[in-house]
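Understanding the architecture of this molecule
Here's the letter readout for the chains.
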Amino acid sequence: SVRMEYPKIRRDDTAEELHGIKVADPYRWLEDPDSEETKKFVEAQNAVTTPYLEKCTVREAIKAKLTRLWDYPKYSCPFRRGSRYFFFMNTGLQNQSVMYVQDSLEGEPRVFLDPNILSEDGTVAISGSAFSEDGQIFAYGLSSSGSDWITVHFKKVSTGEDYPEVLKKVKFSSLSWTHDHKGIFYGRYIDHEGRSDGTETISNENQKLFYHRVGTPQKEDVLVVEFPEHPKWLIGAEVTDCGTHLIVTTEQDCRDNLVYHAKLPTTIDAKIPLTCIINVFEADYEYITNDGSVCVFRTNKGAPNYRLVKIDLADPAPEKWKTLVPEHPKDVLDWAACVHQDKLVICYISDVKSVLQLHSLATGKHLTTLPLDIGTISGYSGKRHHSEMFYQFTSFLTPGTIFHLDLTQQPLKPKVFREIKIEGFDPTQFQMRQVFYSGKDGTRIPMFLVHGKDLPQPTLNTQDAPNTPTLLYGYGGFNISIQPYFSISRVIFLQIFKGLVAIPNIRGGGEYGESWHNSGRLFNKQNVFNDFQSAAEYLIRERYTQPSRIIIQGGSNGGLLVGACMNQRPDLFGAVIAQVGVMDMLRFHKFTIGYAWCSDYGNPDERENFHNVHKYSPLHNIKVPSDKVQYPATLLLTADHDDRVVPLHSFKFISELHYRLSSHAAQTNPLLIRIETKAGHGGGKPTSKIIEEHTDIYSFVMQALGLEAHN
Ligand SMILES: O=C(NCC(=O)N1CCC[C@H]1C(=O)O)OCc1ccccc1
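So, here is what we can say about the structure in this document.

Calculation criteria
- Residues numbered from 1 in each chain as written.
- Predicted model: local features only at pLDDT ≥ 70, side-chain atom pairs only at ≥ 80, totals over all residues.
- Heavy atoms only, no water.
- Helix = DSSP H or I, 4+ residues; strand = E, 2+ residues; numbered from the N terminus.
- Buried < 20%, exposed > 50% of the residue type's maximum accessible area, 1.4 Å probe, protein only.
- Contact = heavy atoms within 4.5 Å.
- Pairing = 2+ DSSP bridges.
- Axes fitted to C-alpha atoms, helices over the stretch in contact; angles between N-to-C directions.
- Salt bridge = Lys/Arg side-chain N within 4 Å of Asp/Glu carboxyl O.
- Near = heavy atom within 4 Å.
- Polar contact = N/O pair within 3.5 Å; in protein donor to acceptor, adjacent residues only side chain to side chain.
- Areas by Shrake-Rupley, 256 points an atom, 1.4 Å probe, with all protein chains shown as cover.
- Nonpolar A, V, L, I, M, F, W, Y, C, P; charged D, E, K, R; others polar.
- Core = buried A, V, L, I, M, F, W, Y, C linked by side-chain atoms within 4.5 Å.
- Parallel < 35°, antiparallel > 145°, perpendicular 65-115°, else oblique.
- Left-handed = near helix turned anticlockwise from the far one by under 90°.
- Phe/Tyr/Trp six-rings, centres within 6.5 Å; stacked < 30°, edge-to-face > 60°.
- Lys NZ or Arg CZ within 6 Å of the ring centre and 35° of its normal.

So, the environment of Ala536
- Looking at the secondary structure, you find Ala536 in helix H5 (residues 525–541).
- Owing to a relative accessible area of 0%, Ala536 belongs among the buried residues under this scheme.
- For the pair Ala536 and Asp454, spaced 82 residues apart in sequence, the C-alpha separation works out to 21 Å.
- Those residues in contact with Ala536 that lie beyond four places of it in its chain are Leu472, Ile550, Leu572 and Phe573.

Some words on the sheet that holds strand E21 (residues 285–291)
- Reading across the sheet, the 4 strands line up as E21-E22-E23-E24 and stay open at both edges, with antiparallel pairing between neighbours. Of all strands in the sheet, those bounded by a partner on one side alone are E21 and strand E24 (322–325). Ignoring which end each strand starts from, the neighbouring axes of this sheet average 35 degrees apart.
- Pairing of E21 with strand E22 (residues 294–299) involves 6 bridges; the strand directions are antiparallel. Along E22, the bridge assignment pairs Tyr287 with Phe297.

A closer look at the pattern of salt bridges
- Across all of its chains, the model carries 48 salt bridges by this definition.
- A salt bridge links Asp191 to Lys208, with the nearest nitrogen and oxygen atoms 3.5 Å apart. With a gap of 17 residues between them, Asp191 in the loop between strand E14 (183–188) and strand E15 (208–213) and Lys208 in strand E15 connect regions that are remote in the sequence.
- On the accessibility criterion, Lys208 (15% relative accessible area) is buried.
- In this structure, the salt-bridge partner of Arg195 is Asp197, at a minimum N-O distance of 3.5 Å.
- Exposure remark for Arg195: the relative accessible area of 35% places this residue in the partly exposed category.
- The network of salt bridges with shared partners includes Arg59, Glu60, Lys63, Arg674, Glu676, Lys685, Glu692, Glu693 and Asp696.

What about the site of the ligand?
- The full set close to the ligand counts 17 residues, and Tyr475, Ser556, Trp597, Arg644 and His681 are the nearest of them.
- A distance of 2.5 Å separates an oxygen atom of the ligand from a polar atom in the side chain of Tyr475.
- Residue Trp597 places a side-chain N or O atom 2.9 Å away from an oxygen atom belonging to the ligand.
- Contact with the protein chains covers 84% of the free accessible surface of the ligand, which is 500 Å².
- Across the shell around the ligand, the residue classes tally to 11 nonpolar, 3 polar and 3 charged.

As for unusual backbone geometry
- Pro411 follows Gln410 through a cis peptide bond whose omega is -10 degrees.
- Take Pro411: it is sitting in the loop between strand E31 (398–406) and strand E32 (415–419).
- Even without a glycine there, the phi angle at Lys169 is positive, about 55 degrees.
- Here Lys169 shows up in strand E12 (residues 167–170).
- Phi at Phe478 is positive, roughly 55 degrees, even though this residue is not glycine.
- Positionally, Phe478 belongs in the loop between strand E35 (470–473) and helix H3 (488–497).
- Accessibility expressed as a relative area gives 14% for Phe478, which makes it buried.

A look at the nonpolar core
- Counting 129 residues, the largest nonpolar core has Met447, Leu472, Tyr601 and Phe700 as its most contacted members.
- No other element matches helix H10 (residues 687–705), which puts 8 residues into this core.

Re the sheet that holds E31
- Across the sheet, 4 strands lie side by side as E29-E30-E31-E32; this open sheet has antiparallel pairing. Looking at strand neighbours, the two that pair on one side only are strand E29 (376–381) and E32, the edges of this open sheet. Each neighbouring strand pair of the sheet contributes to a mean axis angle of 25 degrees, computed without reference to strand direction.

Points about the environment of Phe493
- Counting through the fold element by element, Phe493 comes out in helix H3.
- You can call Phe493 buried: its relative accessible area is 1%.
- Remark: the alpha-carbon pair of Phe493 and Ala666, spanning 173 residues in sequence, is separated by 29 Å.
- Leaving out residues up to four positions away in the same chain, Phe493 has contacts with Pro469, Thr470, Leu471, Lys498, Gly499, Leu500, Val501, Ile551 and Tyr698.

Quick word on the packing of helix H2 (residues 59–70) against H10
- The N-to-C vectors of H2 and H10 enclose an angle of 135 degrees; their axes lie 9 Å apart at closest approach. Considered as vectors, H2 and H10 are oriented oblique to each other. Crossing angle aside, the handedness with which H2 passes H10 is right-handed. Note on element contacts: H10 touches H2 through Thr687, Ile690, Ile691, Glu692, His694, Thr695, Asp696, Tyr698, Ser699 and Met702, opposite Arg59, Ile62, Lys63, Leu66, Thr67 and Trp70.

Section: the packing of aromatic side chains
- One pass over the structure, following the stated rule, counts 39 aromatic pairs.
- Plain terms: the ring middles of Phe79 and Phe86 are 6.0 Å apart, the flat faces sit at 25 degrees to each other, and that makes the pair stacked. Judged on exposure class, the residue Phe79 and its partner Phe86 are both buried.
- Here the aromatic rings of Tyr437 and Tyr538 are separated by 5.9 Å at their centres, their planes lie at 35 degrees, and the arrangement is tilted. Here Tyr437, found in strand E33 (residues 430–438), pairs with Tyr538, found in helix H5; they are 101 residues apart in sequence, far enough to count as distant. The two residues Tyr437 and Tyr538 agree in class, both being buried.
- Above the face of the Phe210 ring, Arg188 is positioned so that its terminal group lies 4.5 Å from the ring centre.
- The cationic tip of Arg418 hangs over the ring face of Tyr75; the distance from NZ or CZ to the ring centre is 3.6 Å.

What follows is the structure, encoded as structure tokens:
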């Protein structure tokens, strides 16, 4: 294939001496999103990528197929607030799901809030919300163009009218009502200078907790909690189920938190004095419910697979804690909620599949396990004072099934409340399996395989290497578990390319609790890359596919994963899709919320951590392969309002790839970047932009790997 011409991007002599080594950073100037030169860079890169994608002869056919199959109704669990029921629903191609209200489960749904009317291109999304206890006022966050910043609005439920005030400079905030329905606690970056629209990259510091009284202007909000000596702490606040106390948590990164509490004053007009009950960052503590001063927390303190403990706020010494639900030896206690006054809903992850149980709140004793197929609980709604609950099940081949459980029944019998079906998708044509493969160090790693029933079975004796296009997707970090969930774009990959989707549950995730997370972070981070490469080697050894047919895909921390893997094993993959990736591991902590990722990566300002991340940082480990080997066809994707992982990571990485590889004789695979506008990290992205993105990814893959499309 013809060699690509890439834009000539200026390199300057910026360099620093860091922890004993000289580190050049010739594209440092790309860190300024507002400079004319950076804007020209974006145009120049898109000017190369767009024609390449449009050259794909079946691009329109792929888009039509994606659009047709995408056009199926999507529902959330219904949830009761006050005397009304609400749910989100998307008829299929709406840019944003619409919020409906019903006076009863059988009642006629009425539009309650349609975010689609808030912008002409669907780029305004609901991001966070909370009803007052009586269900009469709805507090909701709106995010524009995918930014983490939100504005908070208040709607009177009975009339649908908004109150006049809008709360600004809000980010990474919980919204929690006092039970007198007068107002909410929320996190605010009141000191933030300059614009807060998600195109800025400055670090988010000095979040403070405010109390807002509905119907008053934001400038009258009361500063209730701040930690001026800890500018990087993020503050969470939750009013207890009984309404009398405030539970405050602080996080300095993406793991562990402190816990404070306070009795709520009847009038909130000054700072609230807190009592600290957990004062060391060594575990996660999540408030579930309380009876008087005795609170139930989900924690991994002394329990890497998590457990539920009772802590008496009046006597919080650890030796006084009572274990309510002990740690399971193998399964991870993923989340818990209190329902019907005296029951706990507990969701476990067992070999990556969800297990949903009811336990007694009083004794912790297991009451019943709700029947589930192999898959994931992707939604839940229920409150302590409710006698019913809803939960949503999904899997690779199940778009979504919503169950209703009436807890006053004996025996308990979950009822299918709604089953989502898709025209043109027949799940019986596909197969999903879980296999276990060995990592480089012998660790057994689970992997889901999804493919058409007609996938040519890997026959070990045929000479010709199997050439099934294989999408190998991974994340590998932050205690996040990649469980089976339905993705119509993956189904289309299987259909168009007669392909295989492989999802290895590599270390760094939460699939097997804290130990799985710890064995994939800090100085164990290379295990994550090894596990992912071992997954590819397993698929090749088992004759499912061959290197040139493997497409590795990852987003954010998963973008780092594929960026590192393409550097370490350019020979092992045919294509790389790196979405909003973390590519500059020496500087990630300097921008927006990047410092919070030091819990997985380590702080590069510290010598040992610096040398550790320097070893795998994608930007710093591009190596020209031997003369027969080339880098896989690579597509980086990012967007101008991504303020979670700022686009500079991908800008610098594509520039360095071009600089290092474009003169490598064997490098005929394209190395491209797709930079979107009015888009962010992914949350809240409108359906139209999602379909465009998947269309471009599949067009890229088809073009680059010379795949044929089956209709
Ligand atoms: O940064 C994250 N989450 C981690 C995250 O988004 N990461 C971690 C690495 C890159 C990117 C990703 O993988 O999506 O969320 C913001 C936040 C809120 C409250 C407390 C701490 C942090």
